[in-house]
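So you can see what is in the structure, the chains are spelled out below.
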Amino acid sequence: MLFNSRDPRYRFPTGAVEAGRPIHFRVTLPRELSCSAARLIVEPENETAILCDMFWCGMNGEEEEWWECDFTPKKRGLYFYLFEASTCRGVQRLSRGEHGRAIFGGTYRWQLTVYQEGFKTPDWLEGGIMYQIFPDRFYKAGGDKENVPAGRTYHEDWYEQPDWRPNHEGRITNTDFYGGDLQGVREKLPYLKDLGVTCIYLNPVFESHSNHRYDTADYLKIDPLLGSEQDFRELCESARELGIRVMIDGVFSHTGSDSVYFNREGRYEGPGAYNSAESPYYKWYNFRNWPHEYDSWWGFDTLPNVNETEESYNLFVNGEDGVVRRWLRAGASGWRLDVADELPDPFIDHLNEAAKTEDPEALVLGEVWEDASNKSAYGVRRRYLLGGQLDSVMNYPFRDAILGFLLGGDPAAFAEAVENIVENYPRPCLRLLMNHIGTHDTERAITVLGGTPANGRGREWQSGKHLSQREREIGRERLKLAAIMQYILPGVPCIYYGDEAGLEGYRDPFNRACYPWGREDQELIGWYRSLGKMRHEHREILARGGCRVRKAEGNLLVLERFIVRGAEGEDCAFRDSLMLIINRSERPQSILSLSLDLSDAKPVLGENLEGVRVLRPYSCALLKFCKEIQTTP
């Protein structure tokens, strides 16, 4: 092997690094090339390349030689690098091949993520478990509500399907409600505590006139159907007493047209921007031809876009008495930023500053669907994870990798997806990644894993399509595997409410049905409880340990998390590790071909492999190891 960016023998430290941290690079070249000089070429984005001469430092066996150098990135940003060697065959380039390894020739470069010196993320979420709640559909406990805005319809039957057909005007309004509320969440805190939950993520709770509440009407008011500001404060206080924090959804790229700020529907006294060019909110919006033509989110005229760089809007959200700080004072511990790609960098900078000024341990987490370390949006390379913006992101790459593997995808693709994120993301962010396998924007996990793919079929088909008994059995077994992968991978697992109870459904609104209280899959809930206890018992390894995919072949996958314990200067240390072995197949699988040393393994969850080296269909084994290792020659 010429070089491997993921192997500390070739690059130390591996992964993203803090600005000002020296990095040691080593390549090994065939002796027969008669290499006379070698160079590391580092290209900071949009800047001149930096050439670092490497020095010869000895033989690697009889046929290869080592060339080495150090490089210290001075400031945060994205850097890209490759190597060149002057040989008897001319200048040879070493570029990035598969799995972080070098190849001769090629054009791909390695990415080096350099984050801000001293970048720190909140400690309270490390090693925890998140739980996402769609407030209207979780639990109703608060009784009759007062001053509920007009235009809403209510389901008397908690278990009936959400409305999905267009109304008499041919419009889908999302104005059907079930009455779930904040008091209901508060009453179910013991249930969440029993699952091991340490953070509740609430979808929007501010006054809005759709059931999803992503069309904010008033950022300063809890939606009356959910309760009051006092209810919110009491929920946060009661949750903290149980060791649970509350993160709320911030929808700041657009508002509702039916809002205090825009007031197109005339519900509020106003004047909103739609009513008068003299409105204090007029500058918040971009009108092409006032009042009827304006920029809106993805063309939905009920969601007028906001100009986040307008100073009055920035102060309203991020000022000393702005929205961000107000709700942190009321008890929230963090914000999830909806469609972070559509929020300009200066706005996110200001929001982060506002949150951290109010509470240094406040969490700022963004909705980003791709690799957030190198994401470009609207022609701009984003700096979400370099410090001063997001503490972490929703981890869609892990979701896609998990579901893809369990549905028969290439195991090597799973390994690459995981190891690429581990390599590219700063460690302060990596430990807090929101590892979900389903959200309000995706199909339910059990439906994906057991059901017929929708493949673009419309709501009519989705509304009537339910899992057969056999599909549900398969989906359920695969879901258990998906969940344990969530709980083992770097980051923080997030349960989408009801997944643990076996709730099924295709896309919106079928993935937003009510939690099935009294009809839960108790065995599945028991599995999630076991996972919660496992994370608590092995918190140190799962919060701070390294991660590698040991094997990914055929229907078998082996994941390992590990940490080394021992004082500096001692002759030996201890390597604690958890190894997860998965059989995704519908048939039993022997693991003998994996050549794993399972001596001294202690079973933690799943199958007991003692004396038997076969995994049953759709099963796994989680094993614990503690081995003494030598730290000095």
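My aim in this report is to walk through the structure given alongside it, one point at a time.

About the thresholds
Residues numbered from 1 in each chain as written. Predicted model: local features only at pLDDT ≥ 70, side-chain atom pairs only at ≥ 80, totals over all residues. Heavy atoms only, no water. Helix = DSSP H or I, 4+ residues; strand = E, 2+ residues; numbered from the N terminus. Contact = heavy atoms within 4.5 Å. Core = buried A, V, L, I, M, F, W, Y, C linked by side-chain atoms within 4.5 Å. Buried < 20%, exposed > 50% of the residue type's maximum accessible area, 1.4 Å probe, protein only. Pairing = 2+ DSSP bridges. Axes fitted to C-alpha atoms, helices over the stretch in contact; angles between N-to-C directions. Patch = residues over 30% accessible without salt bridge, like charges linked within 9 Å, V, L, I, M, F, W, Y side chains within 5 Å. Areas by Shrake-Rupley, 256 points an atom, 1.4 Å probe, with all protein chains shown as cover. Salt bridge = Lys/Arg side-chain N within 4 Å of Asp/Glu carboxyl O. Left-handed = near helix turned anticlockwise from the far one by under 90°. Nonpolar A, V, L, I, M, F, W, Y, C, P; charged D, E, K, R; others polar. 1 Å grid on protein atoms, 1.4 Å probe; cavity = no way out; pocket = protein on both sides within 12 Å on 5 of 7 lines; lining within 4 Å. Points joined across faces, edges and corners; volume = space filled by probe spheres on them. Polar contact = N/O pair within 3.5 Å; in protein donor to acceptor, adjacent residues only side chain to side chain.

## What to know about unusual backbone geometry
Residue Pro13 is bonded to the preceding Phe12 through a cis peptide linkage, with omega at -5 degrees. Residue Pro509 is reached from Asp508 by a cis peptide bond, and omega for that bond is 10 degrees. Its place among the elements puts Pro509 in the loop between β26 (492–496) and α13 (522–537). With a phi close to 50 degrees, Ser34 is a non-glycine residue in the positive phi region. Along the polypeptide, Ser34 turns up in the loop between β3 (23–30) and β4 (37–44). The backbone phi angle of Arg213 is positive, close to 65 degrees, even though this residue is not glycine.

## Digging into the environment of Gly100
Along the chain, the position of Gly100 falls in the loop between β8 (90–96) and β9 (102–104). Each C-alpha atom, one on Gly100 and one on Arg6, is 6.2 Å from the other, the two residues being 94 residues apart in sequence. When near neighbours in sequence (up to four residues on either side) are disregarded, Gly100 contacts Phe3, Asn4, Ser5, Arg6 and Trp110.

## With respect to the nonpolar core
Membership of the largest hydrophobic core comes to 125 residues, with the highest contact counts inside it found for Tyr131, Leu192, Phe232, Phe252, Trp335, Phe414 and Ile484. When residues in this core are grouped by element, the largest group, nine residues, is from helix α12 (residues 469–488). One finds Val17, Phe25, Leu40 and Trp110 within the second-largest nonpolar core, a separate group that totals 30 residues.

## Quick word on the sheet that holds strand β11 (residues 130–133)
Strand order in the open sheet formed by eight strands is β24-β21-β20-β17-β14-β11-β26-β25, with parallel pairing between adjacent strands. Single-partner strands in this sheet number two, and they are β24 (392–393) and β25 (434–436). Bridge analysis of strand β21 (residues 363–366) against β24 gives two bridges, and the strand direction is parallel. By the bridge assignment for β24, Leu365 is matched with Ser392. The strands touched by helix α3 (residues 229–241) within the sheet are β14 (199–202) and β17 (245–250), with β17 carrying the most contacts at an inclination of about 140 degrees.

## What about a nonpolar patch on the surface?
A surface patch of nonpolar side chains, amounting to about 470 Å² of accessible area, comprises Trp298, Phe300 and Tyr378. Examined against the element boundaries, Trp298 turns out to sit in the loop between β19 (293–294) and α4 (311–318).

## So, the packing of helix α7 (residues 396–406) against α12
Two elements in contact, α7 and α12, have axes separated by 10 Å at closest approach and are oriented at 145 degrees. For the pair α7 and α12, the sense of crossing is right-handed. Along its contact with α7, which presents Ile402, Phe405 and Leu406, the element α12 presents Arg478, Leu481, Ala482, Met485 and Gln486. Split into classes, the residues belonging to the contact of α7 with α12 amount to six nonpolar, one polar and one charged.

## Concerning empty space enclosed by the protein
Evaluated as defined, the whole model comprises one cavity of 30 Å³ or more. A volume near 40 Å³ is recorded for the largest cavity. Lining the largest cavity, in full, are Phe134, Arg137, Asp163, Asn174, Asp176, Asn211, Asp508, Pro509 and Arg512.

## Comments concerning the pattern of salt bridges
Inspection of every chain in the model, using the stated rule, returns 60 salt bridges. Arg544 is the partner of Glu126 in a salt bridge, and the nearest nitrogen-oxygen pair spans 3.0 Å. With Glu126 in the loop between β10 (110–115) and β11 and Arg544 in helix α14 (residues 539–544), the pair connects residues that are 418 residues apart, well separated along the chain. Overall, the relative accessible area of 7% leaves Glu126 in the buried class.

## Remarks on the side chain of Asp223
Turning to its location among the elements, Asp223 is positioned in the loop between β16 (216–222) and α3. For Asp223, a relative accessible area of 0% corresponds to the buried category. At 3.0 Å, the side chain of Asp223 and the backbone nitrogen of Leu225 are in polar contact. With sequence-adjacent residues up to four places away left out, Asp223 is seen in contact with Arg152, Val205, Phe206, Glu207, Ser208 and Arg213.

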